[in-house]
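Coordinates in review
Chain residues, written in single-letter form:
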Amino acid sequence: MKPEYKKKSIRSYVVRAGRMTDSQRAAFEKYWPVYGLSLKDGPVNLDQVFARVAPRVLEIGFGMGDSLLQMLQQETDKDFVGIEVHPPGVGRLINNAGKHELSNLRVYLADAIDVMDDCIPVESFDRVQIYFPDPWHKKKHNKRRLIQADFVAKLRTHIKPGGILHLATDWEPYAEHMLEVMEAVSGFVNEAGVGQYSPRPDYRPVTKFEKRGARLGHGVWDLLYRKESSGD
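Cut-offs and rules
Residues numbered from 1 in each chain as written. Predicted model: local features only at pLDDT ≥ 70, side-chain atom pairs only at ≥ 80, totals over all residues. Heavy atoms only, no water. Helix = DSSP H or I, 4+ residues; strand = E, 2+ residues; numbered from the N terminus. Contact = heavy atoms within 4.5 Å. Axes fitted to C-alpha atoms, helices over the stretch in contact; angles between N-to-C directions. Parallel < 35°, antiparallel > 145°, perpendicular 65-115°, else oblique. Left-handed = near helix turned anticlockwise from the far one by under 90°. Nonpolar A, V, L, I, M, F, W, Y, C, P; charged D, E, K, R; others polar. Phe/Tyr/Trp six-rings, centres within 6.5 Å; stacked < 30°, edge-to-face > 60°. Buried < 20%, exposed > 50% of the residue type's maximum accessible area, 1.4 Å probe, protein only. Core = buried A, V, L, I, M, F, W, Y, C linked by side-chain atoms within 4.5 Å. Pairing = 2+ DSSP bridges. Patch = residues over 30% accessible without salt bridge, like charges linked within 9 Å, V, L, I, M, F, W, Y side chains within 5 Å. Areas by Shrake-Rupley, 256 points an atom, 1.4 Å probe, with all protein chains shown as cover. Salt bridge = Lys/Arg side-chain N within 4 Å of Asp/Glu carboxyl O. Lys, Arg positive; Asp, Glu negative; His and termini not counted. Charge placed at Lys NZ, Arg CZ, Asp CG, Glu CD.

**Points about the side chain of serine 67**
Following the sequence through the fold, serine 67 ends up in helix α3 (residues 66-74). Discounting chain neighbours no more than four positions away, the residues touching serine 67 are Pro205 and Thr207.

Next comes the structure, spelled out in structure tokens:
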């Protein structure tokens, strides 16, 4: 399986081939028909896809999927849509979800901007989460950072009024960049107060990398912004 995306001059990720394990490869054969969604299918009706009406969460860039798997198990009342461009991570997640017979997951192996543009209806999600996106450390690469004003404005259209945009990073300069972007865009209210970071909410699992970083004295910064409703 290869990620689906349209050609762009600037992307926030590098498509790495990555070697898939036998189990990840087998997962695509067995579980992609269950969990996979395609950019080529166009607009999606999530009520039909999940065969129920429920709170919905979108995660962009779930990596190897371990924390998303925990959320699937902990928040069975919610349906999750995951978007990732790296096949090994998608294979691992759908393999584990399939083994646990979880029904509250669907996955795109695709570019998130393309998915939002072509597939996801407006105001579809109660929560959108982006955890530990590539910080693109070098200044000349900062333009590749996912969290930019235009991207946040696009995200906002897909969040329900009163819904949450949750960002997290372990790179302080990126945290400062995220905060600057979010404080400047319209239509969101900082849950922690103007210019403040939020404590980690209970629903976001602590990753093994985060635990390792904490032992080394590294920080993690969470930002939670609520989309304003028309009455706010």
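This is not the end of the story, as more comes after the structure.
**Re the packing of helix α1 (residues 22-35) against helix α4 (residues 87-99)**
Think of two packed helices as two axes; the pair is described by the angle between the axes and how far apart they sit. For the pair α1 and α4, interaxial distance at closest approach is 8 Å and the crossing angle is 65°. Judged on the interaxial angle alone, α4 and α1 are roughly perpendicular. Crossing of α1 over α4 shows left-handed handedness. Between α1 and α4, the contacting residues are Ser23, Gln24, Ala27, Phe28, Tyr31, Trp32 and Tyr35 on the first element and Pro87, Pro88, Val90, Gly91, Arg92, Ile94, Asn95, Ala97, Gly98 and Lys99 on the second. Taken together, the residues of the contact of α1 with α4 break down into 10 nonpolar, 5 polar and 2 charged.

**Some details on the packing of aromatic side chains**
Going through the model one piece at a time under the given rule, you end up with 2 aromatic pairs. Relative to tryptophan 32, the ring of phenylalanine 28 has its centre 5.7 Å away and its plane inclined at 40°; by these criteria the two rings are tilted. Of the two residues, phenylalanine 28 and tryptophan 32 both sit in helix α1, 4 residues apart, roughly one turn of that helix. Tryptophan 32 shares its class with phenylalanine 28; the two are buried.

**Quick word on the nonpolar core**
Residues Ile60, Tyr108, Ile147 and Leu165 are the most contacted members of the largest nonpolar core, which totals 36 residues. Residue contacts for leucine 165: discarding those within four places in its chain leaves Val128, Val152, Leu155, Ile159, Met182, Phe188, Leu223, Leu224 and Tyr225.

**A short note on unusual backbone geometry**
Backbone geometry at alanine 51 places phi at a positive 55°, although glycine is not the residue there. For alanine 51, the location among the structural elements is in the loop between α2 (46-50) and β2 (56-60). The phi dihedral of glutamate 101 falls on the positive side, at around 55°, and the residue is not glycine. Inspection of the secondary structure puts glutamate 101 in the loop between α4 and β4 (105-109).

**With respect to the pairing of strand β5 (residues 125-131)**
For β5, a buried count of 6 out of 7 residues is recorded, marking the element as mostly surrounded by other parts of the structure. In this structure, β2 lies alongside β5, joined through 3 bridges in parallel fashion. Paired with valine 57 across the bridge in β5 is arginine 127.

**Observations regarding the sheet that holds strand β1 (residues 36-37)**
If you trace the 8 strands from one edge of the open sheet to the other, you get β1-β4-β3-β2-β5-β6-β8-β7, paired in mixed fashion. One side of each edge strand has no neighbouring strand; the edge strands of this open sheet are β1 and β7 (188-190). Looking at chain direction, strand β6 (residues 159-169) and strand β8 (residues 221-227) are connected through 6 bridges and run antiparallel. The partner of alanine 168 across the bridge, within β8, is aspartate 222. Sheet strands in contact with α1 are β1 and β4, and its direction is about 110° off that of β4. Contacts between α4 and the sheet are confined to β3 (79-84) and β4, with β4 contributing the most and set at about 165° to the helix.

**Quick look at the environment of valine 81**
Inspection of the secondary structure puts valine 81 in strand β3. Counting along the chain gives 21 residues from valine 81 to isoleucine 60, while the straight-line C-alpha distance between them is 8.5 Å. Apart from residues lying up to four places away in sequence, valine 81 is in contact with Leu46, Phe50, Val57, Leu58, Glu59, Arg106, Tyr108 and Phe125.

**Re a positive patch on the surface**
A contiguous patch of positive charge, built from Lys208, Lys211, Arg212 and Arg215, is present on the exposed surface. Mapped onto the fold, arginine 215 is located in helix α8 (residues 208-215).

**What to know about the packing of α3 against α4**
At their nearest, the axes of α3 and α4 sit 9 Å apart, and the two run at 25° to each other. With respect to α4, the element α3 is oriented roughly parallel. When the axes of α3 and α4 are compared, the crossing they make is right-handed. Packed against α3, whose contacting residues are Asp66, Leu68, Leu69 and Leu72, the element α4 presents Arg92, Leu93, Asn96 and Ala97 at the interface. Partitioned by chemical class, the residues of the contact of α3 with α4 number 5 nonpolar, 1 polar and 2 charged.

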